[in-house]
Structures are given as structure tokens and as C-alpha cells.
Amino acid sequence: KLLECLKAGKPFYGEKLKGEKVTLISNINPIVMNGKISGVVSVFQDISEIESISKELDSFKNMKNWLDTIIDSSFDGLWICDHEGKVIRVNKASEKINQVKAEEVVGKNMRELIAEGFFDKSVTLEVLRKKTAVTMIQQIKGDKRILVTGNPIFDEKGEISFVVTNDRDMT
């Protein structure tokens, strides 16, 4: 590309050079003096770390897709809430069991959902209070009763970071 730039005066941007240990990106520009090409300047930037981060991000995206597929393939309903009781994820089985759409509940706190009449009580809130697994029967809209088990997920400091709840229709 350097020789092409020197001959034709055409710049090249974002040229990728891959070595054994590093990946570089180069911008190549002609140096023009008195209307003639007198040389070429090329600026190199090491993008090895960016490439590594990009591969890691792709790996995390794939893992998220796998987890979404696994969560949505469960016959049991699954809810995932954060350490404050805010709903992060609801699977398709739980939408059917609880007669709700994920977009109605995701982002809301379980206290709000009780106040709005979605449930009579929350196993998630009990798990957060007791800091242990809890199983109970919940009454949902109408006469439907479901068996719910909430499990705390602890972080490295021993604090609850998530609560995963399984629910099953007992009606």
C-alpha cells in the first residue's frame, strides 16, 4: 500500500496489519510538495487489545444468547430479580403461567407488582429478607395458585446480587 500511495498519490485509511503478537491499523498518506509526490507517511496504531476485547464481547454475546435460549426453553416459569427486587428477566413459560407479558413487569420492583395486584405476596422479597431459599404458594390474578421457589445468588462478598424464582401452576 505504501508503494501504491507513492505511485498514485492515493491515501489508504484503516489498513489492518496482523502479526504474530500484535495487530496494527495504519493510515497511509502521500506527502505532496510543489504538486509532486515526494514521499509517504504512515501512522500505525496497535489495536491488539481492542481486538481481544472485541472477541471477548462476542463470546459474552454468544453466552447471553445461549442463556436466553435455555431460560426460554424451561417448562417451569423463571423470574430473575436484582438485589432490590426489581425484575430483570421473565421467561415465556412464566408469562403463560402468570398471565403477564414480560414488558409489563420487567423493570418494576416486586413491591410495585404486589401493589398493582399481580400477586398477593412475593417469594423474591422473602428471599431478600431471609437471605435463604424460600418456597411458598402465591395467589395471582384471578383464582390461580402457583408454587414458587426463590433462590438467592450471592456475590463474592456474600451479598445477594440476584434472586432466581421458579414457578409452577398448581391450579
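Preceding this paragraph is the structure being described.
Residues numbered from 1 in each chain as written. Predicted model: local features only at pLDDT ≥ 70, side-chain atom pairs only at ≥ 80, totals over all residues. Heavy atoms only, no water.

1. Quick look at the side chain of T165
Mapped onto the fold, T165 is located in strand β8 (residues 160–169). Taking the relative accessible area as the measure of exposure, T165 reaches 4% and is therefore buried. At 3.4 Å, the side chain of T165 and the side chain of T124 are in polar contact. Apart from the residues within four sequence positions on either side, T165 is in contact with G77, L78, W79, V123, T124, V148, T149 and G150. (Helix = DSSP H or I, 4+ residues; strand = E, 2+ residues; numbered from the N terminus. Buried < 20%, exposed > 50% of the residue type's maximum accessible area, 1.4 Å probe, protein only. Polar contact = N/O pair within 3.5 Å; in protein donor to acceptor, adjacent residues only side chain to side chain. Contact = heavy atoms within 4.5 Å.)

2. Regarding empty space enclosed by the protein
Following the criterion strictly, the structure yields 1 cavity of 30 Å³ or more and no others. Taken together, W79, C81, N98, M110, F119, V123, T124, Q138, V148, T165 and D167 make up the lining of the largest cavity. Looking at the lining of the largest cavity, the elements that each hand over two or more residues are β4 (77–82), α6 (123–130) and β8. Residue composition of the lining of the largest cavity, grouped by class: 6 nonpolar, 4 polar and 1 charged. (1 Å grid on protein atoms, 1.4 Å probe; cavity = no way out; pocket = protein on both sides within 12 Å on 5 of 7 lines; lining within 4 Å. Points joined across faces, edges and corners; volume = space filled by probe spheres on them. Nonpolar A, V, L, I, M, F, W, Y, C, P; charged D, E, K, R; others polar.)

3. As for the sheet that holds strand β6 (residues 134–139)
Taken in spatial order, the 5 strands make up an open sheet running β5-β4-β8-β7-β6, and their pairing is antiparallel. Whereas interior strands pair on both sides, the edge strands pair on one side only; in this sheet they are β5 (87–90) and β6. Each strand axis lies, on average, 25° off the axis of its neighbour in the sheet, ignoring direction. (Pairing = 2+ DSSP bridges. Axes fitted to C-alpha atoms, helices over the stretch in contact; angles between N-to-C directions.)

4. Quick word on a nonpolar patch on the surface
Together, F60, M63, W66, L67 and I70 make up an exposed nonpolar region whose accessible area comes to about 560 Å². Here L67 shows up in helix α2 (residues 48–73). The exposure class assigned to L67 is partly exposed, which follows from its relative accessible area of 46%. (Patch = residues over 30% accessible without salt bridge, like charges linked within 9 Å, V, L, I, M, F, W, Y side chains within 5 Å. Areas by Shrake-Rupley, 256 points an atom, 1.4 Å probe, with all protein chains shown as cover. Salt bridge = Lys/Arg side-chain N within 4 Å of Asp/Glu carboxyl O.)

5. Considering the environment of G85
Of note, G85 is situated in the loop between β4 and β5. Those residues in contact with G85 that sit more than four places away from it in its chain are K108, N109, M110, T124 and L128.

6. Focus on the sheet that holds strand β1 (residues 12–18)
Taken together, 3 strands build an open sheet; the order of strands is β1-β2-β3 and the sheet is antiparallel. The strands lining the two open edges of the sheet, one partner per strand, are β1 and β3 (36–46). Here the strands of the sheet are splayed against their neighbours by 30° on average, with no regard to which way each runs.

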